[in-house]
Amino acid sequence: MSPAARLRGLKPDWISDPQVWRTEVLAGLVVALALIPEAISISIIAGVDPAIGLFASFTMAVVISVVGGRRAMISAATGAVALVIAPLNREHGLGHLIAAVILAGAFQVALGAVGVAKLMRFIPRSVMVGFVNALAILIFMAQVPDMTGVPWPVYPLIIGGLALMVLFPKITTVIPAPLVSIVILTVVTVAGAIAVPTVGDKGELPSSLPVPGLPDVPFTLDTLTTIAPYAFAMALVGLMESLMTAKLVDDVTDTHSDKTRESIGQGIANIVTGFFGGMGGCAMIGQTMINVKVSGARTRLSTFLAGAFLMVLCIAFGPVVSDIPMAALVAVMIMVSFATFDWHSIAPRTLKRMPAGEIAVMVITVACVVATHNLAIGVVVGSVSAMVVFAKRVAHVAEVTAVVDPDGSTVVYRVTGELFFASSNDLVGRFDYVTDPKKVVIDLSAAHIWDASSVAALDAIETKYAQRGKTVEITGLNDPSADLHGKLTGELARSH
């Protein structure tokens, strides 16, 4: 094979597909337009200059497009990260914030390397559905400030933008409907001199590219101990939000992503962002849904262009971008909110069939996220709730039945089900220690021992029978159960 042929074989299929290029380029442009006011708002939350948030969105998107593990996912400055590091900026200044972003990136690289992404398998579907629905609610709630206390023309502009996004795809899907909506509403407001809030009202756009440099902090142990708690919290929140978003995009696109690479990539992106003076970030779910679900992007090109276009729009077309009415972007985000919500999950037919415990977990997840405005807290509380529901359900599965031999010399207790801390607590009370014959057989061939609590319960049963001069024989253990029982039996009694 010639070198040219080998090179062609290494190229992704989409490189030579003009239709894919058009989709990716236009999707990146729409995302960049939506990122600008979002990044400015997030900068305000963190208490920093708008340029800091815009620089972070630029570097995060560009870097993650190369090193990330999930194609077409957008990473930028986010509200979750801003909430974590805002107190640090308020109390110690921008230098400490930038240093914390770099340290958070290092933590994420380390956590990714040790396999933190594998924890995603423990997040149940009910939590994932609650996460998605809470996200949709948060996206809508974030638009409310731009819809209250505003001039009346804002409302017909929002309605018009929504109508365009619903109807335009029926004409053609070559150009993303959100981009058409933004352009038309901008032309209408500028040509008609309609006085409504614009992107420029959110804050001043940067006029030059960011330059690399070290954070302005003393490189001492005191600085490290000050920033470390904030950095670690930022690392955890950023990873959780990014991995949850990656899983959501996996489901939307029916493709697989490398979660370990994504974890390490988020860390690298934050390190680079910190050295360029940005405030750090993680996967941005709303903009990712614009990119993937609304615009149809599927490659890294759209992610890279979202960041590149962001800086081009700010630096080269700042005055034009500043004239975009916020109503146009509000309409886009309302459409994203509607498309993100899992309407099937709350349909009466679905709710009738769904176990009550799973519905409760979904509601708890949504309530926690909406109450705290923190997706990570909602996922943790929802997952713990799901574990409690599961433990309660499985605890009742373990059954004990007794059969006495005809000669009355032996009783066989057959235990069926999973033995762990929740089910084994009741196990001790299921035996008749007083009236049972001298020999007791506990048949565990239809059971499985999962933890030390179960071994301790079996030891307690043997002890109670031994105190009455009776012997116990445990039979039917499968290999893992026998191994665990052999290691722990007799070792768990309290020392006196």
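Residues numbered from 1 in each chain as written. Predicted model: local features only at pLDDT ≥ 70, side-chain atom pairs only at ≥ 80, totals over all residues. Heavy atoms only, no water.

*Asks:* How would you summarise empty space enclosed by the protein if you had to cite specific residues and measurements?
*Replies:* Here the structure, examined in full by the defined rule, presents two cavities of 30 Å³ or more. Roughly 70 Å³ of internal volume is contained in the largest cavity. In terms of lining, the largest cavity is formed by R125, S126, V129, S345, L351, M354, E358, I359 and M362. Elements with a contribution of two residues or more to the lining of the largest cavity: helix 6 (125-143) and helix 16 (356-372). By residue class, the composition of the lining of the largest cavity is five nonpolar, two polar and two charged. Of the volumes computed, that of the second largest cavity is approximately 30 Å³. Grouping the constituent residues of the lining of the second largest cavity by class yields five nonpolar, no polar and one charged. (1 Å grid on protein atoms, 1.4 Å probe; cavity = no way out; pocket = protein on both sides within 12 Å on 5 of 7 lines; lining within 4 Å. Points joined across faces, edges and corners; volume = space filled by probe spheres on them. Helix = DSSP H or I, 4+ residues; strand = E, 2+ residues; numbered from the N terminus. Nonpolar A, V, L, I, M, F, W, Y, C, P; charged D, E, K, R; others polar.)

*Asks:* Let's hear about the pattern of salt bridges: which residues, and what values?
*Replies:* Scanning all chains against the criterion turns up six salt bridges. With a shortest N-O distance of 2.5 Å, K259 and D250 are connected by a salt bridge. Note on D250: relative accessible area 10%, which makes it buried. Measuring nitrogen to oxygen at the nearest pair gives 3.0 Å for the salt bridge that ties D443 to R414. (Salt bridge = Lys/Arg side-chain N within 4 Å of Asp/Glu carboxyl O. Buried < 20%, exposed > 50% of the residue type's maximum accessible area, 1.4 Å probe, protein only.)

*Asks:* Could you give me a rundown of the packing of helix 2 (residues 18-46) against helix 3 (residues 50-67), with the residues and numbers involved?
*Replies:* Across the interface, helix 2 lies against helix 3 with an axial gap of 7 Å and an inter-helix angle of 125°. Judged by the angle between their axes, helix 2 and helix 3 are oblique. Between helix 2 and helix 3 lies a crossing whose hand is right-handed. Contact with helix 2, carried on its side by I36, A39, I40 and S43, involves P50, I52, G53, L54 and S57 of helix 3 and no other residues of that element. Looking at the contact of helix 2 with helix 3, its residues break down into six nonpolar, three polar and no charged. (Axes fitted to C-alpha atoms, helices over the stretch in contact; angles between N-to-C directions. Parallel < 35°, antiparallel > 145°, perpendicular 65-115°, else oblique. Left-handed = near helix turned anticlockwise from the far one by under 90°. Contact = heavy atoms within 4.5 Å.)

*Asks:* Let's hear about a nonpolar patch on the surface: which residues, and what values?
*Replies:* A contiguous nonpolar surface patch, about 390 Å² in accessible area, is contributed by F338, W343, I346 and L351. Its place among the elements puts F338 in helix 14 (residues 326-340). Given a relative accessible area of 52%, F338 falls into the exposed group. (Patch = residues over 30% accessible without salt bridge, like charges linked within 9 Å, V, L, I, M, F, W, Y side chains within 5 Å. Areas by Shrake-Rupley, 256 points an atom, 1.4 Å probe, with all protein chains shown as cover.)

*Asks:* Outline the environment of F219, supporting the account with residue identities and numerical values.
*Replies:* Here F219 lies in the loop between helix 8 (177-191) and helix 9 (221-253). Expressed as a C-alpha distance, the spacing of F219 and A99, which sit 120 residues apart in the sequence, is 9.7 Å.

*Asks:* Break down the layout of surface pockets for me, with residues and values.
*Replies:* Considered as a void within the structure, the largest pocket measures approximately 770 Å³ in volume. What lines the largest pocket is a set of 33 residues, and nearest its centre among them are E38, I42, G79, L138 and A142. At the level of secondary structure, the elements contributing two or more residues to the lining of the largest pocket comprise helix 2, helix 4 (79-92), helix 6, helix 11 (285-294) and helix 14. Taken together, the residues of the lining of the largest pocket sort by class into 21 nonpolar, eight polar and four charged. Put simply, the second largest pocket is a space of about 390 Å³. For the second largest pocket, the lining is made up of 16 residues, of which V116, L119, I123, M240 and V380 are closest to its centre. Elements with a contribution of two residues or more to the lining of the second largest pocket: helix 9 and helix 17 (375-395).

*Asks:* Break down the side chain of S57 for me, with residues and values.
*Replies:* Following the sequence through the fold, S57 ends up in helix 3. S57 sits in the buried class, given a relative accessible area of 0%. Reaching out from S57, the side chain makes a polar contact with the backbone nitrogen of A77 at a distance of 3.3 Å. Those residues in contact with S57, other than ones at most four positions away along the chain, are A39, S75, A76, A77 and L310. (Polar contact = N/O pair within 3.5 Å; in protein donor to acceptor, adjacent residues only side chain to side chain.)

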